[in-house]
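A structural walkthrough
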Amino acid sequence: MGERIEMIKKNLEEKAKKILKTLNERTKKILKTLKEKAKKIPKILKEKILNFKMNKWLKVVLILLVVIVLSITIFASIFIGGKLGKINFKHLDEKDLGINENLFTEIGVLTQKEYDQIINIVLLGSDSKNMENAYSGSSDAIMIISVNPKYKSIKLISIPRDTAAYIDGEKNRYKINAAFARGREQLALKTINQTFDLNLKEYVTINISSMYDIINELGGVEVNITKDEMKWINEYVEMFYKFSGKPTKKVTNYGKVTLTGEQAAAHVKERMAGSASATESHGDYGRTVRQREVFISMLNKIASKDMGEISRIIDLILSQVTTNIDVAKYTTMLPEFISNKDAYLNNITSVMLPSLDYSKEIYENGAYLYVTDSAKAKRDFIKYMYEM
């Protein structure tokens with residue numbers, strides 16, 4: 001951990017040096033421009049300007065800018081160092097992730113810079129009922145979080161847990177969420193990549209059963225629920241209140257409501273509400289919709305907090321997740337995200353892929369599978385993650 005913190009500090013120091021170099025070059029250009037313009041000004045005015053000692057004034061400004069940049073660098077190093085100690089890091093072997101190395105060429109509509117700037121992180125929500133072990137279950141939630149700085153957009157892509165996939169070590173195809181139970185994040189990402197010919201490398205894993213803590217810290221989440229969804233939340237909610245040790249509180253209204261952490265956990269867990277036919281509100285498809293709605297509500301709640309509250313919430317989130325994300329890389333992007341916060345929050349879209357348009361449910365080898373046309377699914381993944 002110490003080596004990682006030092007690496008991040010070194011990266012920040014290098015960026016600070018580059019900023020200072022740029023400031024120095026720009027200051028020299030300003031001085032040169034001012035001197036050239038001064039030659040064209042009447043002699044009396046020229047003497048007054050030169051007597052103002054413009055050079056010294058600009059040097060003072062430059063020194064102040066240096067102090068500000070260095071202060072930010074030191075603060076960022078301390079802030080990141082404090083957060084790093086709370087993260088559960090788990091690295092993956094990128095050579096064994098089934099990555100499509102030719103994806104950039106296949107997309108064909110982006111520059112290399114645009115392609116590299118797009119962030120794709122797989123969120124894996126474990127259905128483990130063991131609060132201390134997220135790996136004692138399958139991944140009930142599989143969601144790709146795609147962030148595009150060019151369009152200031154956030155896209156959430158849910159993959160149904162019953163999607164048929166060939167998992168390394170298994171003779172027959174089975175539900176894609178079983179890859180997490182059999183080989184954790186390494187096999188989960190590999191299976192997604194091989195099934196849809198993608199290049200996903202980064203992940204965040206959280207136990208769905210323990211997410212109520214985070215939502216309660218946010219003051220609950222605001223979502224729209226139907227009467228049927230209210231019924232099924234109340235069927236499941238007692239389990240989550242047992243986890244938290246609080247008295248059970250059932251939902252009494254439907255429509256636009258604020259759910260507690262325990263109620264929200266029940267909401268994203270249940271898959272009984274909705275249509276009995278194969279529509280987007282049916283079974284697991286409806287559950288993916290609820291998962292995305294709760295996630296979006298959480299993002300908006302976090303964004304509404306002040307920095308002190310955000311820092312406390314980040315600490316809580318980091319203590320409950322496992323990840324391999326490059327914290328240093330994303331830290332350098334934070335100023336851009338913060339300055340364009342409203343643009344990002346107003347441009348959040350979500351979808352379930354593969355689409356029902358070219359997929360169907362079948363019963364095979366003792367399980368219901370969501371069978372799809374992988375080529376059409378790949379086309380939609382690429383379109384949604386890179387071309388919109």
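Residues numbered from 1 in each chain as written. Predicted model: local features only at pLDDT ≥ 70, side-chain atom pairs only at ≥ 80, totals over all residues. Heavy atoms only, no water.

**Here's the deal with the overall build of the protein**
Which entries qualify depends on this criterion: Secondary structure elements follow DSSP: runs of H or I of four or more residues count as helices, runs of E of two or more count as strands, with numbering from the N terminus. Only protein chains enter the accessibility calculation, which uses a 1.4 Å probe. A residue is then buried if its area is under 20% of the maximum for its type, exposed if over 50%, and partly exposed in between. Here, residues are in contact when the closest pair of their heavy atoms is within 4.5 Å. Each accessible area is a Shrake-Rupley result for a 1.4 Å probe, and residues are judged covered by the shown protein chains and nothing else.
What the protein contains, in helices and strands, is 15 helices and 13 strands. A buried classification covers 47% of the 388 residues belonging to the protein. Expressed as a percentage of contacts within the protein between residues at least 6 apart in sequence, the contacts between residues at least 24 apart total 71%. Carbon and sulfur atoms make up 55% of the accessible area of the protein, which totals about 20,700 Å².

**Section: the pattern of salt bridges**
Spelled out, the test is: Criterion for a salt bridge: a side-chain nitrogen of Lys or Arg within 4 Å of a carboxyl oxygen of Asp or Glu.
Inspection of the entire model under this criterion finds 18 salt bridges. The salt bridge involving R161 is made with D140; its shortest N-O contact spans 3.0 Å. A residue pair is termed long-range when its members are at least 10 positions apart, and R161 in the loop between β4 (153–158) and β5 (164–165) and D140 in strand β3 (residues 139–148) qualify at 21 residues. Summarising the burial analysis for this pair, R161 and D140 share the class buried. Here R290 ties to E270 by a salt bridge, and the two come within 3.4 Å at their closest N and O atoms. You can see R290 sitting in helix α10 (residues 283–303) and its partner E270 sitting in the loop between α9 (261–269) and α10, a full 20 residues away along the chain. Look at the salt bridges and you will find they share partners, linking D140, R161, D162, K175, K269 and R287 into a network.

**What about the packing of helix α8 (residues 227–244) against α9?**
Heads up, the condition is: Between the N-to-C directions of two axes lies an angle of 0 to 180 degrees, each axis being a line fitted to C-alpha atoms and, for a helix, fitted only over the stretch in contact. Oblique is the label for any angle not covered by the other classes, which are roughly parallel (under 35 degrees), roughly antiparallel (over 145) and roughly perpendicular (65 to 115). By definition, turning the near helix anticlockwise from the far helix through less than a right angle yields a left-handed crossing, and turning it clockwise yields a right-handed one. By the convention adopted, Pro, Cys, Tyr, Trp, Phe, Met, Ile, Leu, Val and Ala count as nonpolar, Lys, Arg, Asp and Glu as charged, and the other residues, Gly among them, as polar.
It is the contact of α8 with α9, at a shortest axis distance of 7 Å, that shows an interaxial angle of 125°. By the angle between their axes, α8 is oblique relative to α9. Two packed elements cross with a definite hand, and for α8 against α9 that hand is right-handed. Mapping the contact onto sequence places E229, I233, Y236, V237, F240, Y241 and S244 in α8 and E262, Q263, A265, A266, H267 and K269 in α9. Looking at the contact of α8 with α9 residue by residue, the class counts come to seven nonpolar, three polar and three charged.

**Comments concerning the pairing of strand β8 (residues 221–225)**
Our working rule: Two strands make a pair as long as DSSP finds a minimum of two bridges between them.
Burial of the side chains of β8 is restricted to one face: V221, V223 and I225 are buried, whereas none of E222 and N224 on the reverse face is. Here β8 runs beside strand β9 (residues 255–259); their pairing, made up of five bridges, is antiparallel. When the sheet's bridge partners are listed, N224 is paired in β9 with K256.

**As for the packing of aromatic side chains**
Note the following rule: By convention, a stacked pair of Phe, Tyr or Trp rings (six-membered ring in the case of Trp) has centres within 6.5 Å and planes under 30 degrees apart, an edge-to-face pair has planes over 60 apart, and any other such pair is tilted. Placement of a charge over a ring requires the Lys NZ or Arg CZ to be within 6 Å of the ring centre, with the centre-to-atom vector within 35 degrees of the ring normal.
All told, the structure shown has six aromatic pairs when counted by the stated rule. Ring plane angle 55° and centroid distance 5.2 Å describe the contact between F104 and Y115, whose orientation is recorded as tilted. Placement of F104 in helix α4 (residues 103–107) and of Y115 in helix α5 (residues 112–117) is noted, with a sequence separation of 11 residues between them. Overall, the relative accessible area of 13% leaves Y115 in the buried class. Three or more aromatic residues joined by ring pairs form one cluster here, namely F104, Y115 and Y386. The ring of Y384 carries the charged tip of K155 above its face, separated from the ring centre by 5.6 Å.

**Digging into the packing of α9 against α10**
Helices that pack against each other are described as a pair by the angle of their axes relative to one another and the distance between those axes. The N-to-C vectors of α9 and α10 enclose an angle of 145°; their axes lie 7 Å apart at closest approach. Here H267, V268 and K269 of α9 lie close against α10, whose contacting residues are R287, R290, Q291 and V294. Residues of the contact of α9 with α10, tallied by class, amount to two nonpolar, two polar and three charged.

**What to know about the confidence of the model for the protein**
Worth spelling out the cut-off: Every residue carries a pLDDT, the predictor's confidence in it, which falls somewhere between 0 and 100.
In the predicted model, the protein carries a mean pLDDT of 80, and the fraction of residues at 70 or more is 72%. Long-range and interchain partners of residues 68–78, a stretch whose pLDDT sits below 50, account for 10 contacts in this model, where long-range means more than four residues apart.

**Re unusual backbone geometry**
Cis geometry is adopted by the peptide bond preceding P354, which originates at L353 and carries an omega value of 0°. For P354, the position within the fold is in the loop between β11 (348–352) and β12 (359–364). Located in the positive-phi region is D197, a residue other than glycine, with phi close to 60°. For D197, the position within the fold is in the loop between α6 (178–196) and β7 (202–207). A relative accessible area of 31% places D197 in the partly exposed class. Positive phi outside glycine occurs at N365, with the angle close to 50°.

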